[in-house]
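One-letter residues, chain by chain:
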Amino acid sequence: MHEGPDLAFRKGLSEGRIVLPKCDACRRFHFFPRVVCPHCYGTLFTWREASGKGEIHTTTVVRRSTNQGGDYNVCIVELEEGVRMMSRVEGVPPPDVEIAMPVIAYAGEIDGTPAVLCRPEGS
Ligand SMILES: [Zn+2]
């Protein structure tokens, strides 16, 4: 593992948590983790656990043959902290994922790699 600004994010995911950098100066979150705040150029951050609440910003169905696991969803989820990240909606057929759909994001795994996954809110 390299020691980039995303280390805390990836470590959090592997521990089952979505943690985000919150700028100590302007109090805004950003993602992907950077060494300088994209809002105010501050360089001090506090890592906070995301609530998980979010909604689908964009969604795509990736076609895959059934014997390779079938079609799956790739989306960009916008969390209530105001950041967007790549994710996958589980528990709903990929074509049924809609823009602005309320979801809960959580730390999971894709093919053994820690990843941000989503499920429909209320499920
Ligand atoms: Zn800032």
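A quick note: this is a predicted structure, and the numbers were derived from the prediction, not measured. (Residues numbered from 1 in each chain as written. Predicted model: local features only at pLDDT ≥ 70, side-chain atom pairs only at ≥ 80, totals over all residues.)

1. A short note on the overall build of the protein chain
Part 1 of the argument: The helix and strand inventory of the protein chain stands at one helix and seven strands.
Part 2 of the argument: The N-to-C order of helical and strand elements in the protein chain reads α-β-β-β-β-β-β-β.
Part 3 of the argument: In terms of C-alpha radius of gyration, the protein chain reaches 15 Å, essentially the compact-globule figure of 14 Å for 123 residues.
Part 4 of the argument: A principal-axis box enclosing the C-alpha atoms of the protein chain has dimensions of 45 × 30 × 20 Å.
Part 5 of the argument: A buried classification covers 23% of the 123 residues belonging to the protein chain.
Part 6 of the argument: Sequence-distant contacts, at least 24 apart, represent 49% of the contacts inside the protein chain between residues at least 6 apart. (Helix = DSSP H or I, 4+ residues; strand = E, 2+ residues; numbered from the N terminus. Rg over C-alpha atoms; globule rule 2.2 N^0.38 Å. Buried ≥ 20, exposed ≤ 12 C-beta atoms within 10 Å, placed from the backbone. Contact = placed C-beta atoms within 7 Å.)

2. Notes on the nonpolar core
Part 1 of the argument: Grouped together as the largest cluster of nonpolar side chains are 17 residues, with contacts concentrated most on Ile18, Cys75, Val77, Val103, Ala105, Val116 and Cys118.
Part 2 of the argument: For this core, the secondary-structure elements that each account for two or more residues are α1 (7-14), β4 (72-79), β5 (84-89), β6 (102-110) and β7 (113-120).
Part 3 of the argument: Both domain 1 (7-49) and domain 2 (53-120) contribute no fewer than three residues apiece to this core.
Part 4 of the argument: Discounting chain neighbours no more than four positions away, the residues touching Val116 are Leu13, Ile18, Met85, Ser87, Ala105 and Ala107. (Core = buried A, V, L, I, M, F, W, Y, C linked by C-beta atoms within 7 Å. Domains from an automatic or database assignment.)

3. Overview of unusual backbone geometry
Among all residues save glycine, negative phi is the norm, and among peptide bonds the norm is trans.
Part 1 of the argument: The amide bond that connects Phe31 to the next residue, Phe32, takes the cis arrangement and shows omega of 0 degrees.
Part 2 of the argument: On the secondary structure map, Phe32 appears in the loop between β1 (19-23) and β2 (45-49).
Part 3 of the argument: The backbone of Tyr41 sits at a positive phi, close to 70 degrees, despite the residue not being glycine.
Part 4 of the argument: With respect to the helices and strands, Tyr41 occurs in the loop between β1 and β2.
Part 5 of the argument: Positive phi outside glycine occurs at Ala100, with the angle close to 75 degrees.
Part 6 of the argument: Tracing the sequence through the fold places Ala100 in the loop between β5 and β6.

4. Examining the domain arrangement of the protein chain
Part 1 of the argument: As far as domains go, the protein chain holds domain 1 (7-49) and domain 2 (53-120).
Part 2 of the argument: Summarising the inter-unit geometry, the C-alpha centres of domain 1 and domain 2 are found 21 Å apart.
Part 3 of the argument: On the side of domain 2, 10 residues touch domain 1, which itself brings 11 residues to the contact.
Part 4 of the argument: The biggest single contributor to the side of domain 1 that touches domain 2 is α1, with three residues.

5. Re the environment of Leu20
Part 1 of the argument: With respect to the helices, strands and loops of the structure, Leu20 is situated in strand β1.
Part 2 of the argument: Here Leu20 falls in the buried class, since 22 other C-beta atoms lie within 10 Å of it.
Part 3 of the argument: Spatially, the C-alpha atom of Leu20 lies 6.5 Å from that of Ala50, the residues being 30 residues apart in sequence.

6. Looking at the sheet that holds β4
Part 1 of the argument: Spatially, the five strands close up into a barrel ordered β3-β4-β5-β7-β6, and their pairing is mixed. Adjacent strand axes in the sheet meet at a mean angle of 45 degrees when their direction is disregarded.
Part 2 of the argument: With eight bridges connecting them, β6 and β7 associate as antiparallel partners. Residue pairing in the sheet places Glu109 in a bridge with Pro114 of β7.
Part 3 of the argument: Strands β6 and β7 of the sheet are contacted by α1, whose axis makes an angle of about 65 degrees with β7. (Pairing = 2+ DSSP bridges. Axes fitted to C-alpha atoms, helices over the stretch in contact; angles between N-to-C directions.)

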